[in-house]
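Overview (structure and organization)
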Amino acid sequence: MTTPQLPTTTPENVQQLLNRAQSLAGYTLGELAARANIAIPRDLKRDKGWVGMLLELYLGASAGSKPEQDFPERGVELKTIPIDSRGKPLETTFVCVAPLTGNSGVTWESSHVRHKLQRVLWIPVEGERQIPLEQRRVGSPLLWTPNEEENEQLKRDWEELMDMIVLGKVERITARHGEVLQIRPKAANSRALTEATGEHGEPILTLPRGFYLKKNFTAALLARHFLL
DNA sequence: ATCTGATCATGA
DNA sequence: TCATGATCAGAT
């Protein structure tokens, strides 16, 4: 099976990163885990980040779990995305934490969402639960930068959602707001609390939230690449 | 507590 | 069946 070698360094340039990613296509998670000497969990219930961490190893990601892009030197963010047999996303994609305080003066241009999504290396991975984890295959990577239309969609949603946060309406936001970008809880559990601003400008405690890309958006972006 | 990596599990 | 709201583990 001759799986790719594990790199010991961060990629020198984007081409090398892309080469590394392409070399993984077609291998199973079992093959990659074996060569990396990583134990394979029976499922992802208690190891939700396992696939992402495994691929980071094979690409030489440097940031670890620091609040940075995965390849800060290259300006690239890595996202594994679980897909079904037709290539469609099985899950939404977490982007970053939604800032609930200190938002006076923040704009789309300076937002974390825009910066995170400026360049993303998408790696599709088979994600159907009927396929044993070790048999799931890695797909072909896609290096993506939002086009004008995607940027506008993201900007519109971001502005709508941030307006609600700034106006103290965090707790009125549901995952139904936004066409392509949504805000949902991002926490250890429903008892975790963080500071925000209430409807009358008072400080309140609320569930930490995150920005997520809806499946319609990631499905379209993958389709544009793979069936054009 | 908050960031990283995300998927789970239940109600509609 | 599927998206929303809830949750899991590890690093910092």
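Quick notes on the rules
- Residues numbered from 1 in each chain as written.
- Chains lettered and ligands numbered in written order.
- Predicted model: local features only at pLDDT ≥ 70, side-chain atom pairs only at ≥ 80, totals over all residues.
- Heavy atoms only, no water.
- UniProt positions renumbered as here; feature names shortened; annotations may be inferred.
- pLDDT = per-residue confidence, 0-100.
- Helix = DSSP H or I, 4+ residues; strand = E, 2+ residues; numbered from the N terminus.
- Near = heavy atom within 4 Å.
- Polar contact = N/O pair within 3.5 Å; in protein donor to acceptor, adjacent residues only side chain to side chain.
- Nonpolar A, V, L, I, M, F, W, Y, C, P; charged D, E, K, R; others polar.

Chain A appears in an unreviewed UniProt entry as DNA mismatch repair protein MutH from Obesumbacterium proteus ATCC 12841. Checking UniProt for chain A, the heading Function (unreviewed entry) contains the comment "Sequence-specific endonuclease that cleaves unmethylated GATC sequences. It is involved in DNA mismatch repair." A UniProt comment under Sequence similarities (unreviewed entry) is attached to chain A, and it reads "Belongs to the MutH family."

Should pLDDT be low for a region, the predicted coordinates there are not to be read in detail. Confidence in the prediction of chain A, expressed as mean pLDDT, is 92, and 95% of residues score 70 or more. Looking at the elements of chain A, mean pLDDT is at its lowest for helix 6 (residues 215-226), recorded as 93, and at its highest for strand 8 (residues 209-213), recorded as 97.

Another point: the protein's contact with DNA strand C. Taken together, 18 residues sit near DNA strand C, with Arg46, Lys48, Arg176, Ser190 and Lys215 positioned nearest. Protein-adjacent atoms of DNA strand C, using a 4 Å cutoff, are sugar or phosphate at a proportion of 63%. Note that a base nitrogen of DNA strand C is positioned 2.7 Å from one of the side-chain N or O atoms of Arg184. At three residues, the largest contribution of residues to the surface near DNA strand C is made by strand 5 (residues 181-185). Considered class by class, the residues forming the surface near DNA strand C number five nonpolar, five polar and eight charged.

On to the protein's contact with DNA strand B. In the vicinity of DNA strand B lie 25 residues, with Lys48, Thr80, Lys186, Thr194 and Tyr212 positioned nearest. Counting only atoms of DNA strand B within 4 Å of the protein, the fraction found in sugar and phosphate groups is 68%. Contact between DNA strand B and Lys48: a base oxygen at 2.8 Å from a side-chain N or O atom of the residue. Measuring from a phosphate oxygen of DNA strand B, one finds a side-chain N or O atom of Arg129 at 3.0 Å. When contributions to the surface near DNA strand B are tallied by element, the ones reaching two or more residues are helix 3 (50-59), strand 1 (77-83) and strand 2 (93-97).

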